Every structure is written in structure tokens, then in C-alpha cells.
Amino acid sequence: MKNFLLFLIVLIAMCSGAKVFADEAQEALKFFKNYVHAANNYSPELIKMYSPEAKIIRQVIKPDGELVNVETDTDTYITQMKIGQKGAKMRKYKNTYTDIKAEKLDDGYKISSLRQPSGEKYKLKTYMIVKKQPSGKWLITEELMQTRVQTFLKYARK
């Protein structure tokens, strides 16, 4: 009888833990959905979705297929984003995301997807790592987006 009760307690604990992970994964995916909405609507809320220490990577796809990672800090990225948003809004530029997946990490979730820029037929790999803060707010702590925009290469560290 003791073994059965112990088994039952362990089983209930495991099921409860799985539900917590499932709920958190749904929260992370909801955060991503809110990110996409904010980005596609040029919302000033977008900049509040990044951790001040976020690692931002633009992976430039060169014409010969070579990949070059260009890293920047959050402040520089947000400054560039604000400038870019003005032209994007005038052109009604948006991104569509497909194949969205959430993967549990030690301290957050990795949200991977394919991004299709408006007017393009190709899709680009992207991921962001999001982490729930003690306050309950989710923040982007790392982001990688592939791009074919070659001007990012001028920022690459040699």
C-alpha cells in the first residue's frame, strides 16, 4: 500500500510539473505572437520586449551562400529599429512567421520559426530566446534573424 501511495504521489507531481511546463510554453508562444503583432504594427511597445542585455544577431546570407553573424547590443539595435520603422511603415512592410516552435531551455524558451518578409518568396531562419522575469514579464534575451540585406556586413567585426 505504501508503494502504491508513493507511486500515486510521484505520478501526480509529474503530471502537475508537465502542466506547468505546458502552460509556460503557451505563455512564451503568446509573447511571441504579441511580438509579431507589435513589430508588424510598428508599436513603440516592441522596444520594451527586449532585455537591456539582449544578444542581437543578424545572420547575413551573402550572395555566395556564406553566413556571416553580425552581433550588436540592445541599445544600438533599438536605435536602428526606430530609424528603420519609419521607412517600413511607409512601405507597409511586414513579416509573416511560420513553423513556429517553442523549446524549453534551462532558463527560458527558444522560439524558432521561419520569417517571410513582405513581397518576398523566400523564408529565413529566426529564433529568439525568451525568459520570464521574476515580475512575470517575458523578455527577449537573445535573437537571431537571417537577412539577405548586405549593408549589415559593414557592422561585422573582423
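All of the points below concern the structure found in this document. Please read these numbers as outputs of a predicted model, since none were measured by experiment. Every chain begins its residue count from 1, and numbering advances along the sequence as written. Predicted model: local features are reported for residues with pLDDT of at least 70 only, side-chain atom pairs are reported and counted for 80 or more only, and whole-chain, interface and lining totals are derived from all residues. With hydrogens and water excluded, all non-hydrogen atoms of the structure serve as input to the side-chain values.

Quick look at the pattern of salt bridges
Turning to step 1, where the next piece is worked out: Throughout this description, the term salt bridge denotes a Lys or Arg side-chain nitrogen within 4 Å of a carboxyl oxygen of Asp or Glu. Applying the stated rule across the entire model yields five salt bridges.
Turning to step 2, where the next piece is worked out: For the salt bridge of Asp 107 with Lys 131, the shortest nitrogen-to-oxygen distance reads 3.8 Å. Here Asp 107 is found in the loop between strand S3 (95-105) and strand S4 (108-117), whereas its partner Lys 131 is found in strand S5 (residues 124-132), with 24 residues between them in sequence.
Turning to step 3, where the next piece is worked out: Think of it in three bands: with a 1.4 Å probe and only protein chains considered, a residue is buried below 20% of the maximum accessible area for its type, exposed above 50%, and partly exposed in between. Residue Lys 131 is classed as partly exposed on the basis of its relative accessible area of 32%. To qualify as a helix, a DSSP run of H or I must reach at least 4 residues; to qualify as a strand, a run of E must reach at least 2; elements of each kind are numbered from the N terminus.

A closer look at the nonpolar core
Within soluble globular proteins, side chains that are nonpolar tend to cluster in buried spots.
Turning to step 1, where the next piece is worked out: Membership of the largest hydrophobic core comes to 22 residues, with the highest contact counts inside it found for Tyr 35, Tyr 50, Met 128, Val 130 and Ile 140.
Turning to step 2, where the next piece is worked out: Breaking this core down by element, the ones donating at least two residues are helix H1 (2-40), strand S1 (50-61), helix H2 (74-91), S4, S5 and strand S6 (138-147).
Turning to step 3, where the next piece is worked out: With seven residues, H1 is the single largest residue contributor to this core.
Turning to step 4, where the next piece is worked out: Should any heavy atoms of two residues lie within 4.5 Å, those residues are counted as being in contact. Apart from the residues lying within four places of it in its own chain, the contact partners of Tyr 50 are Tyr 35, Ile 56, Thr 74, Tyr 77, Met 81, Leu 139, Ile 140 and Glu 143. Among buried residues, the Ala, Val, Leu, Ile, Met, Phe, Trp, Tyr and Cys ones that are joined through side-chain atoms within 4.5 Å form a nonpolar core.

Some details on the sheet that holds S4
Turning to step 1, where the next piece is worked out: A pair of strands is labelled paired if DSSP reports no fewer than 2 bridges between them. The sheet built from six strands is open, its strands ordered S2-S1-S6-S5-S4-S3 with mixed pairing. Looking at which strands have only one partner, the edges of the open sheet turn out to be strand S2 (67-72) and S3. Across the sheet, the axes of successive neighbouring strands diverge by a mean angle of 20 degrees, strand direction being ignored.
Turning to step 2, where the next piece is worked out: Where S4 and S5 come together, seven bridges link them in antiparallel fashion. Within the sheet, the bridge partner assigned to Ser 113 lies in S5 and is Thr 126.
Turning to step 3, where the next piece is worked out: Each of S1, S2 and S6 touches H2; the most contacted strand, S1, lies at about 65 degrees to it. Note on definitions: angles span 0 to 180 degrees between N-to-C directions of axes, and those axes are lines fitted to C-alpha atoms, for helices only across the stretch in contact.

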